[in-house]
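Topology and contacts: notes
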Amino acid sequence: MAVGRLASVSRYRLQPTPTEEAALLEHCAHARLVWNLAVEQHAHWRPGRLSAPGFAEQCRQLTEARAEFAWLRAGSVIVQQQALKDFAQAMANYFIGTHRRPTWRKRGRSEGFRIVAVQADDVHRLSRNVGEVKIPKVGWVRFRWSRDVPEGVKSYRVTRDRAGRWHVAFAAIPEPIPAPGTGGVVGVDRGVAVSVALSTGELSHAPRLLEAEETQLRRLLRKLARAKPGSNRRTSVKHKIAKVKARERDRRKDWVEKTSTDLARRFDVIAVEDLKIRNMTRSTRGTLAEPGRNVRAKSGLNRSILAAGWGQLVERLEHKAPGRLVKVSAAYTSQRCSACGIVDAKARESQAAFACRSCSYAGNADVNAARNIKLAAGHAVSAREGPRVAEPVHREPQPVLLSV
Ligand SMILES: [Zn+2]
């Protein structure tokens with residue numbers, strides 16, 4: 001599960017008593033049941049059809065089911081609702097392209113549930129190596145305090161692996177950052193040549209492994225291929241590979257934190273392209289209307305890494321700038337000139353350069369796309385009852401965007 005993947009990886013060994021374990025298994029069973037019902041509802045859905053029930057509708061159905069069935073009512077509503085939320089996130093990850101479509105959960109495999117709205121005194125340290133966590137309808141359950149629990153824990157996930165070991169993973173969600181109140185809007189595009197392009201013209205690259213580390217990783221992968229299954233050598237090589245990958249993950253996380261904080265501090269409204277829509281309208285090869293914008297970014301090993309970085313950034317913006325993140329359906333963002341509004345498939349000189357043949361605007365292609373996203377957000381905001389921020393949203397004279 002990718003839910004809460006950004007929150008610190010603080011995982012601890014949970015040590016339930018047999019009675020507590022029975023109650024935990026009950027929570028797992030409820031979470032699995034609700035998840036599987038959601039999978040079933042979405043099983044027949046395909047892009048282009050009327051949508052399957054969304055999170056809100058599924059929650060309403062859950063309330064009805066709880067009213068009807070006492071055994072479901074006896075369980076924790078948080079556990080059941082969060083299973084639906086996990087499913088909604090899994091579907092979102094599927095749309096973004098970082099994960100496969102969510103499937104059935106089987107008993108005894110990937111069992112778990114999530115608890116939200118955790119209070120500060122729901123987690124205690126009892127002694128040097130022992131902590132306890134309050135689990136709804138279960139009570140205080142002990143865990144091994146193998147390192148400090150992060151500040152500001154808002155949720156946690158309890159899991160049981162196939163060997164029957166229980167873990168608890170705490171997730172700390174950052175506090176929202178206050179809007180600057182300047183009315184500033186920024187468009188953010190996941191670039192082809194860069195990780196992120198802003199409508200201000202700024203470009204930012206998510207850090208990658210150094211060349212030496214890449215070499216080391218390739219060497220380790222070759223070693224792994226030669227190591228005998230089950231051997232000590234194989235375990236040790238696997239451990240080394242995990243360490244290199246963790247280093248890259250940490251760097252990317254760091255970049256995501258810094259970039260999202262920076263955006264939330266500087267702008268009142270942050271506009272990104274709605275990837276759900278993007279994924280339906282663009283394939284890897286591209287459509288007739290928009291051929292192959294993502295071809296390079298989407299091929300090769302880096303595809304999922306880039307996609308994951310982008311998904312994490314959007315997730316963090318949702319946390320840090322709640323209500324200020326606008327997802328727009330921006331068709332033709334890469335071919336439309338952000339200065340004069342004309343759509344010109346030949347304006348892309350290369351992956352990185354955009355040159356309008358009508359008004360002679362020229363610039364970075366990803367920045368041009370980000371500017372279009374900003375323009376589309378202006379329309380989205382003014383189409384509501386008014387701007388969502390205290391200050392009026394500054395609007396430039398804009399070309400009318402085609403609604404597709
Ligand atoms: Zn132009």
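Our structure's up above, just so we're on the same page.
Now for a quick tour of the structure. (Residues numbered from 1 in each chain as written. Predicted model: local features only at pLDDT ≥ 70, side-chain atom pairs only at ≥ 80, totals over all residues. Heavy atoms only, no water.)

1. As for the coordination of the zinc ion
Around the zinc ion, the donor atoms from the protein are C337 (SG), C340 (SG), C356 (SG) and C359 (SG), and they sit 2.3 Å away. Classification of the site at the zinc ion rests on its four donor atoms, whose angles at the metal span 107 to 113°, yielding the label tetrahedral. As a motif over one chain, the donors of the zinc ion read C-x2-C-x15-C-x2-C. Of this pair, C337 sits in the loop between strand 12 (325-328) and strand 13 (353-355) while C356 sits in the loop between strand 13 and strand 14 (362-364), and the two are 19 residues apart along the sequence. Here the two residues C337 and C356 agree in accessibility, since each one is buried. (Donors = N, O, S within 2.8 Å, 3.2 Å for Na, K, Ca; no water. Tetrahedral: all angles 85-135°; square planar, octahedral: opposite > 155°, others 65-115°. Helix = DSSP H or I, 4+ residues; strand = E, 2+ residues; numbered from the N terminus. Buried < 20%, exposed > 50% of the residue type's maximum accessible area, 1.4 Å probe, protein only.)

2. Structural notes on unusual backbone geometry
Not every positive phi belongs to a glycine, and A117 is a case in point at roughly 55°. Summarising the element assignment, A117 is placed in the loop between strand 2 (111-115) and strand 3 (123-125). The phi dihedral of S360 is positive, around 65°, even though this residue is not glycine.

3. Points about the side chain of D268
Relative to the elements of secondary structure, D268 occurs in the loop between helix 6 (232-266) and strand 11 (269-273). At 4.7 Å, R324 is the nearest oppositely charged side chain to D268, a buried residue that forms no salt bridge. (Lys, Arg positive; Asp, Glu negative; His and termini not counted. Salt bridge = Lys/Arg side-chain N within 4 Å of Asp/Glu carboxyl O.)

4. Brief notes about the pairing of strand 7 (residues 166-172)
The side chains of a regular strand alternate, first on one face of the sheet and then on the other. Where burial is concerned, most of strand 7 is hidden: six out of the seven residues are buried. As paired elements, strand 1 (residues 10-14) and strand 7 share five bridges and run antiparallel to each other. What sits directly across from S10, in strand 7, is F170. Sheet topology places strand 6 (residues 153-160) next to strand 7; seven bridges connect them, and they run antiparallel. Bridge pairing links Y156 to F170 in strand 7. Connecting strand 6 to the next strand, strand 7, in antiparallel fashion are five residues, including G164 with a positive phi near 90°. (Pairing = 2+ DSSP bridges.)

5. Thoughts on the pattern of salt bridges
This structure, assessed with the given rule, holds 16 salt bridges. For R165, the salt bridge identified is with D161, shortest N-O distance 2.9 Å. For R165, a relative accessible area of 38% gives the class partly exposed. Using a relative accessible area of 23% as the deciding quantity, one classes D161 as partly exposed. Where D262 meets R266, a salt bridge forms, and the shortest distance between an N and an O atom there is 3.0 Å. Highlighted residues: D262 and R266, both in helix 6, separated by four residues, approximately one helical turn. Assessed through its relative accessible area of 32%, D262 is described here as partly exposed. Of the residues examined, R266 reaches a relative accessible area of 33% and is grouped as partly exposed. Bridged by salt links that share partners, the residues E57, R60 and E64 form one connected network.

6. Some details on helix 2 (residues 55-68)
Taking 1.5 Å of rise per residue, 14 residues should cover 20 Å, and helix 2 covers 20 Å from first to last C-alpha, within 8% of that figure. Listed in full, the buried residues belonging to helix 2 are Q58, C59, L62, A65 and R66. All buried residues of helix 2 lie within an arc of 120° about the axis, which places them on one face of the element. Across from the buried face of helix 2, at angles greater than 90 degrees, the exposed residues are A56, T63, A67 and E68. (Expected span 1.5 Å × (residues − 1). Arc of directions from axis to C-beta.)

7. Section: a nonpolar patch on the surface
Residues L33, L37, F69 and W71 make up a contiguous nonpolar surface patch of about 380 Å² in total accessible area. Here L37 shows up in helix 1 (residues 18-42). (Patch = residues over 30% accessible without salt bridge, like charges linked within 9 Å, V, L, I, M, F, W, Y side chains within 5 Å. Areas by Shrake-Rupley, 256 points an atom, 1.4 Å probe, with all protein chains shown as cover.)

8. A word on the environment of R247
Tracing the chain through its elements places R247 in helix 6. Residue classification places R247 among the partly exposed positions, given a relative accessible area of 33%. Here the alpha-carbon distance between R247 and R208, two residues 39 residues apart in the chain, equals 9.4 Å. What R247 contacts, discounting residues up to four positions off in sequence, is E213 and Q216. (Contact = heavy atoms within 4.5 Å.)

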